[in-house]
Amino acid sequence: MTPLDQKINTHFPGLVVRKDLVKTVKGNAIVPSYVLEYLLGQYCATSDDATIQTGIETVKEILRKHYVHRNEAGLVRSNIKEKGRYKVIDKISAALNDKADVYEAEFSNLGLKQVLIDSRTVKAHPKLLVSGIWCIADIEYEFTEDKNASPWILSTLKPIQLSHLDFSSYIEARKQFTTDEWIDLLIQSVGFNPEMFGKRSKLTQLIRLIPFCERNYNLIELGPKGTGKSHIYSEFSPHGILISGGEISVPKLFVNNSSGKIGLVGYWDCVAFDEFAGKQKRLDKALVDIMKNYMANKSFSRGVETLGAEASMVFVGNTQHTVPYMLKHSDLFDELPDKFYDSAFLDRIHFYIPGWEVDIIRGEMFSSGYGFVVDYLAEILRSLRNHDYSDRYQEHFSLSSDISTRDRDGINKTFSGLMKILFPQGDASKEEIEELLRFAIEGRKRVKDQLMRIDSTYGNVRFAYLDYSQQVKSVTTLEEEEYPHYYHKTIADGEEGERTTQAGMPPDAVEVPQIVEPALKEKHLNFQENQKGISFDTLLGPYLIGATKITIADPYIRQFYQVRNLMEFLETVVKLKSQDEEVSVHLITTEDEFKGEQQKEYLEKIKESSSAIGVNFTWEFDGTGTIHARHIVTDKGWKISLDRGLDIFQQYGMNDVFTFANRLQQYRSCKAFEATFIKNDMSKS
């Protein structure tokens, strides 16, 4: 164990678990992580290897015997009938049968409906009535001659969650950790290896926890696919629920007028909407209106009664374009459904997580260290909803008078949430408080700056704070620093805005590099074996400038080094394209007869990586067997024939990162090859 792991086990005995054990015990059981960690916490919350191994086998045995797989539901039902009573792990929901005046349970995987459940059990666990909860339950079978009576009876039910919480011990143990150690413990608790993240990236991950510890917190995260945006809301806490963005309705979310049944916001601490982006989604405008009122006032009204709720709202979705592309052509909310692309709705958002800063999840990013049993941390966060830390910065700092009440609310709620997560004991230094305050301001500024692009009625706001020497400290977003020329463009009227950057430099003073297309000629080139000084940049680059569609035909993109050649070709494309433009690159190749799955994995990884930087990479296998000639065709009218395709270099120290041949193509020896550049006007069509 690392020194941090030893410290974690010392101060939180029995409340932590090794995070890699979840994958070990999960097998093919489709259950949330908090269900598995609940069981691991019962048997493996220790640092003793022998006990852990015994515990793992116990948990596996429990899952084997009692977790219900859908394809084995018939066998489990038979066991219940034969034994008369049987314990199962399943997701259970309940509903009132008003004709029979009884509550009836439904088991998701077991496929049982109309299972009699005692009304006291329903009253004790009201979430059974909304979407259901994971439980360990005993089911009995009693046959009866009455055709209207169900033979299935739910005798006992235990939700999979912590039974006891000692908050004061949590606070005392927190005092034993430095701030960096505590952040790393939290990152390990959500399943990631902290060594793979910088400080800013860690804070971004922890922002995702705020909806669980802060009432009525409104959060949005838009970014590329595969960054784990929705994972926390589906796997982390029994107090949160993740629903598809296309499944939102007023009755489901707020209240059903016909039945009077309260919706999800009345039962869950956090309601997250997955796949929220997408222009084509069909949504009810009434839903947008009632959601706007709820997000602003913590209440909703249907009919004569006004109801309140505390659920935080989270919206996560995928972006299709790079940040500079969005800033040049639209704004950072561009991917939202049309009915939610509404300034009044967006103004209710407290923080915008820049999903483009979050790395695509890779295997080495997962933690094998110790972290809190997620159910324990979920209960801690829930208890912190009763606290308010929003004024903890006021001893040292004050917000600029330019900042509106709604902006202040967003900043204060984010700051309060971060303080609860990182400093529940309340002894943060001035520097630590300032770091969190700046981060909170940046997240709200990202929202407001985009609103000013969408709706011209929103005036310019200077997001700044003052220390008690009255020194004004401005805050900028990271993308504002990276792309100031596009960031300060007003899309609403199509003109450059009159605003200046925080540094006081007008946008037109920012020099944007311009790519000038050289005069190109048709030609044929021969290269000799061992010749050096050749690179894709110099050989192919001039003929790729300005191209937005490129097709590569090469039957031999199979082995690792060949796929690496393809990746280096795409690097050349990226170097040449403008930051605010996107390029489509399509590969036609053949499938490797023996290692086709690995070949597909390589190409899919390139596709994922390319999408984040403005290259839309696609590929296909040619099944006809007729692809022999290797060439590159662009929509600028050029065809480049390469007799060796992209495979023009001899072997080099590919695994030795300390050789220049590995890093720079011009230091590699070439194979003998020929290249022909042909003007091909038909390619434009």
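Note that the coordinates shown come from a computational prediction; the quantities given were computed from them, not determined experimentally.

Focus on the environment of serine 343
Part 1 of the argument: Position of serine 343 among the secondary structure elements: in helix H15 (residues 343-346).
Part 2 of the argument: Residue classification places serine 343 among the buried positions, given a relative accessible area of 16%.
Part 3 of the argument: Those residues in contact with serine 343 that lie beyond four places of it in its chain are Leu451, Asp455 and Tyr458.
Part 4 of the argument: One polar contact links serine 343 to aspartate 455, side chain to side chain, over a distance of 3.1 Å.

Here's the deal with the packing of helix H3 (residues 33-43) against helix H4 (residues 49-66)
Part 1 of the argument: With their axes 9 Å apart at the nearest point, H3 and H4 run at an angle of 135° to one another. Taken together, the axes of H3 and H4 lie oblique to each other. The hand of the H3/H4 crossing is right-handed. Touching Leu36, Leu39, Leu40 and Tyr43 of H3 are Thr51, Gly55, Thr58, Val59, Ile62 and Leu63, all from H4.

Observations concerning the side chain of threonine 414
Part 1 of the argument: Among the structural elements, threonine 414 can be located in helix H17 (residues 405-422).
Part 2 of the argument: A polar contact of 2.7 Å, which involves the side chain of threonine 414, links it to the side chain of tyrosine 217.
Part 3 of the argument: Discounting chain neighbours no more than four positions away, the residues touching threonine 414 are Ile207, Ile210, Tyr217, His350, Phe351 and Ala440.

Points about the environment of tryptophan 268
Part 1 of the argument: Its location among the elements puts tryptophan 268 in the loop between helix H12 (250-253) and strand S9 (270-274).
Part 2 of the argument: Sequence separation between tryptophan 268 and leucine 603 is 335 residues; the distance between their C-alpha atoms is 40 Å.
Part 3 of the argument: Look past the residues within four positions of tryptophan 268 in its chain and what remains in contact with it is Lys127, Val130, Ser131, Gly132, Ile133, Pro238, His239, Gly240, Ile241 and Ala311.

Details of the packing of aromatic side chains
Part 1 of the argument: Per the stated rule, a full pass over the model turns up 39 aromatic pairs.
Part 2 of the argument: Taking 4.5 Å as the distance between ring centres and 15° as the angle between the ring planes, the aromatic pair formed by phenylalanine 527 and phenylalanine 673 counts as stacked. Here phenylalanine 527 is found in strand S20 (residues 523-527), whereas its partner phenylalanine 673 is found in strand S26 (residues 673-679), with 146 residues between them in sequence.
Part 3 of the argument: Between tyrosine 543 and tryptophan 638 the ring centres are 4.9 Å apart and the planes differ by 85°, which places this aromatic pair in the edge-to-face class. Taken together, the positions of tyrosine 543 in helix H22 (residues 541-544) and tryptophan 638 in strand S25 (residues 638-642) put the pair 95 residues apart, joining distant regions of the chain.

Some thoughts on the layout of surface pockets
Part 1 of the argument: The volume enclosed by the second largest pocket comes to roughly 530 Å³.
Part 2 of the argument: Around the second largest pocket sit 28 residues that line it, and Ile30, Pro32, Lys91, Trp134 and Ser234 are the ones nearest its centre.
Part 3 of the argument: Here the lining of the second largest pocket gets five residues from one element, more than from any other, and that element is strand S8 (residues 240-244).
Part 4 of the argument: Each residue belonging to the lining of the second largest pocket can be placed in one class, and the counts come to 13 nonpolar, 10 polar and five charged.

Quick look at a nonpolar patch on the surface
Part 1 of the argument: On the surface, Phe660, Leu664 and Tyr667 cluster together into a nonpolar patch covering about 330 Å² of accessible area.
Part 2 of the argument: We classify phenylalanine 660 as exposed; its relative accessible area is 57%.

Regarding the pairing of strand S7 (residues 218-223)
The side chains of a regular strand alternate, first on one face of the sheet and then on the other.
Part 1 of the argument: Most of S7 sits out of view: six of its six residues are buried.
Part 2 of the argument: Residue alternation in S7 divides its side chains into two sets, Asn218, Ile220 and Leu222 and Leu219, Glu221 and Gly223, and both sets are buried.
Part 3 of the argument: When S7 meets strand S12 (residues 312-318), the two strands line up parallel, connected through six bridges. For glycine 223, the partnering residue across the bridge sits in S12 and is asparagine 318.
Part 4 of the argument: In terms of strand pairing, S7 meets strand S13 (residues 351-354) through four bridges, oriented parallel. What sits directly across from isoleucine 220, in S13, is tyrosine 352.

Reading guide: rules and limits
- Residues numbered from 1 in each chain as written.
- Predicted model: local features only at pLDDT ≥ 70, side-chain atom pairs only at ≥ 80, totals over all residues.
- Heavy atoms only, no water.
- Helix = DSSP H or I, 4+ residues; strand = E, 2+ residues; numbered from the N terminus.
- Buried < 20%, exposed > 50% of the residue type's maximum accessible area, 1.4 Å probe, protein only.
- Contact = heavy atoms within 4.5 Å.
- Polar contact = N/O pair within 3.5 Å; in protein donor to acceptor, adjacent residues only side chain to side chain.
- Axes fitted to C-alpha atoms, helices over the stretch in contact; angles between N-to-C directions.
- Parallel < 35°, antiparallel > 145°, perpendicular 65-115°, else oblique.
- Left-handed = near helix turned anticlockwise from the far one by under 90°.
- Phe/Tyr/Trp six-rings, centres within 6.5 Å; stacked < 30°, edge-to-face > 60°.
- 1 Å grid on protein atoms, 1.4 Å probe; cavity = no way out; pocket = protein on both sides within 12 Å on 5 of 7 lines; lining within 4 Å.
- Points joined across faces, edges and corners; volume = space filled by probe spheres on them.
- Nonpolar A, V, L, I, M, F, W, Y, C, P; charged D, E, K, R; others polar.
- Patch = residues over 30% accessible without salt bridge, like charges linked within 9 Å, V, L, I, M, F, W, Y side chains within 5 Å.
- Areas by Shrake-Rupley, 256 points an atom, 1.4 Å probe, with all protein chains shown as cover.
- Salt bridge = Lys/Arg side-chain N within 4 Å of Asp/Glu carboxyl O.
- Pairing = 2+ DSSP bridges.

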